[in-house]
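Next come the chains, spelled out residue by residue.
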Amino acid sequence: ASLIIGTDKMEGRGGLYVFGPDGRLRQVVAPMDRPNNVDVEYGLVIGGRPVDVAVVTERMKRRLRVFRIDPGSRRLEDITTPGGIPVLEGQPGDAGEPMGIALFKRAGDGAVFAIVSPKTGGLRDYLWQYRLRDDGRGGVAGTLVRRFGSFIGPKAGEGEIEAVAVDDELGYAYYADERFGIRKWAADPDGPDTGRELAVFGTDGYLGDREGLAIYAEPGGGGYIVSSDQVPGSSRIHLYTRSGEPGAPHAHRR
């Protein structure tokens, strides 16, 4: 019953591609205007019922699109509020184009948030976080709740921030400062550690950009933070301890 959802990033004629675990194409949602990244979350409450969703950044439209994952047909159904969810409002040029996205479900109340990274940003507040909510018409709208996140610098050749991953269970957001390292912040915009960076790791041992991030979760907080090293012609994978070290939860050893 699993699905693999990916993006074709073509400008004007891209789309979402949905595959089964056997590799067969199940559905194409197109056209979309340069859909960049996509993430999945479970149990967003719409119309009083929990809905599993896939949310994609549509880069050239400067918006998010939200798709319900039908539990019977396993197909995607667009439930975005009309016109999509505008993001990065008021930002000029590349700074207003969304790329990376990660979804976070808060354990305490089930609230769902989208963390969005633009193509370019400044030294501070690079990431934008939106709370997703029922728009009252069976669709999903979004409200900006905070900006956060450091960046090594927007100078030429210093990369960007695209890869974002959230550990729902432990409540942390990770993102790849491509040419520098992996940064860790609290995912809850209302939590006690909202305003400070918790850790920076993965600053050495890479041959290319820190291009992708994922959480491999095991019971009891075990597992790994998975980072891809984008080497021309191939990729390497780096694994870091998910829960850090005894007494040092933010010390992520490779």
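What counts and what doesn't
- Residues numbered from 1 in each chain as written.
- Predicted model: local features only at pLDDT ≥ 70, side-chain atom pairs only at ≥ 80, totals over all residues.
- Heavy atoms only, no water.
- Helix = DSSP H or I, 4+ residues; strand = E, 2+ residues; numbered from the N terminus.
- Rg over C-alpha atoms; globule rule 2.2 N^0.38 Å.
- Buried < 20%, exposed > 50% of the residue type's maximum accessible area, 1.4 Å probe, protein only.
- Areas by Shrake-Rupley, 256 points an atom, 1.4 Å probe, with all protein chains shown as cover.
- Lys, Arg positive; Asp, Glu negative; His and termini not counted.
- Charge placed at Lys NZ, Arg CZ, Asp CG, Glu CD.
- Salt bridge = Lys/Arg side-chain N within 4 Å of Asp/Glu carboxyl O.
- Pairing = 2+ DSSP bridges.
- Axes fitted to C-alpha atoms, helices over the stretch in contact; angles between N-to-C directions.
- Core = buried A, V, L, I, M, F, W, Y, C linked by side-chain atoms within 4.5 Å.
- Contact = heavy atoms within 4.5 Å.
- Patch = residues over 30% accessible without salt bridge, like charges linked within 9 Å, V, L, I, M, F, W, Y side chains within 5 Å.
- Phe/Tyr/Trp six-rings, centres within 6.5 Å; stacked < 30°, edge-to-face > 60°.

**Digging into the overall build of the chain**
Of the regular secondary structure elements, the chain holds zero helices and 19 strands. Over its C-alpha trace the chain gives a radius of gyration of 18 Å, about what one expects of a compact globule, namely 18 Å for 254 residues. A principal-axis box enclosing the C-alpha atoms of the chain has dimensions of 45 × 40 × 40 Å. Buried positions account for 47% of the 254 residues belonging to the chain. Split by element, the accessible area of the chain, about 11800 Å² in all, is 49% carbon and sulfur. Between the averaged position of the 33 positive side-chain charges in the chain and that of its 36 negative side-chain charges there is a distance of 2 Å.

**Brief notes about the pattern of salt bridges**
Side-chain pairing between opposite charges can occur once the charged atoms of the two side chains come close. Applying the stated criterion across every chain, the model contains 22 salt bridges. Asp 135 is the partner of Arg 137 in a salt bridge, and the nearest nitrogen-oxygen pair spans 3.8 Å. Among the residues examined, Arg 137 registers a relative accessible area of 63% and is labelled exposed. Of the charged contacts in the structure, one is a salt bridge between Arg 242 and Glu 169, with a shortest N-O distance of 2.9 Å. In this pair, Arg 242 is assigned in the segment after strand S19 (234-241) and Glu 169 in the loop between strand S13 (161-167) and strand S14 (172-177), connecting sequence segments 73 residues apart. Several salt bridges converge on common partners, so that one network encompasses Glu 58, Arg 63, Arg 65 and Asp 78.

**Quick word on the sheet that holds strand S12 (residues 140-148)**
An order of S9-S10-S11-S12 is seen for the four strands of this open sheet, with the pairing classed as antiparallel. The strands lining the two open edges of the sheet, one partner per strand, are strand S9 (98-105) and S12. Looking at each pair of strands side by side, their axes are set apart by 30° on average, direction ignored. Here strand S10 (residues 112-118) pairs with strand S11 (residues 127-134) via five bridges, running antiparallel. In the sheet register, Val 116 faces S11, and the bridge partner there is Trp 128.

**Overview of the nonpolar core**
Membership of the largest hydrophobic core comes to 20 residues, with the highest contact counts inside it found for Leu 44, Val 53, Val 55, Leu 64, Val 66, Leu 132 and Val 140. Where this core is concerned, the elements lending two or more residues are strand S4 (35-46), strand S5 (49-58), strand S6 (63-69), S9, S10 and S11. Apart from the residues lying within four places of it in its own chain, the contact partners of Leu 132 are Leu 44, Val 55, Ile 85, Leu 103, Val 112, Phe 113, Ala 114, Val 140, Ala 141 and Gly 142. Formed by 16 residues, the second largest nonpolar core is a distinct cluster that contains Tyr 126, Ile 161, Tyr 175 and Ala 187.

**As for the pairing of strand S15 (residues 181-186)**
S15 sits mainly inside the fold: six of its six residues count as buried. With six bridges connecting them, S14 and S15 associate as antiparallel partners. Across the sheet, residue Tyr 172 finds its bridge partner in S15, namely Ala 186. Adjacent in sequence and paired antiparallel, S14 and S15 are bridged by three residues. Strand direction decides the pairing type here: S15 and strand S16 (residues 199-201), joined by three bridges, are antiparallel. Each bridged residue has a counterpart across the sheet, and for Lys 184 the counterpart in S16 is Ala 199.

**A look at a nonpolar patch on the surface**
A cluster of nonpolar residues, Tyr 216, Tyr 224, Ile 237 and Leu 239, forms a patch on the protein surface that exposes about 400 Å² of accessible area. Examined against the element boundaries, Tyr 216 turns out to sit in strand S17 (residues 209-217).

**Re the packing of aromatic side chains**
Tallying each qualifying case throughout the model produces six aromatic pairs. Their ring planes at 50° and their centres at 5.5 Å tell us that Phe 148 and Trp 185 sit as a pair that is tilted. Placement of Phe 148 in strand S12 and of Trp 185 in strand S15 is noted, with a sequence separation of 37 residues between them. Taken together through their ring pairs, the aromatic side chains of Tyr 174, Phe 201 and Tyr 240 make up a single cluster.

**Overview of the pairing of S12**
Across eight bridges, the pairing between S11 and S12 is antiparallel. Bridge pairing links Trp 128 to Arg 147 in S12. Connecting S11 to the antiparallel partner S12 that follows it, the hairpin turn spans five residues, and Gly 136 within it adopts a positive phi of roughly 85°.

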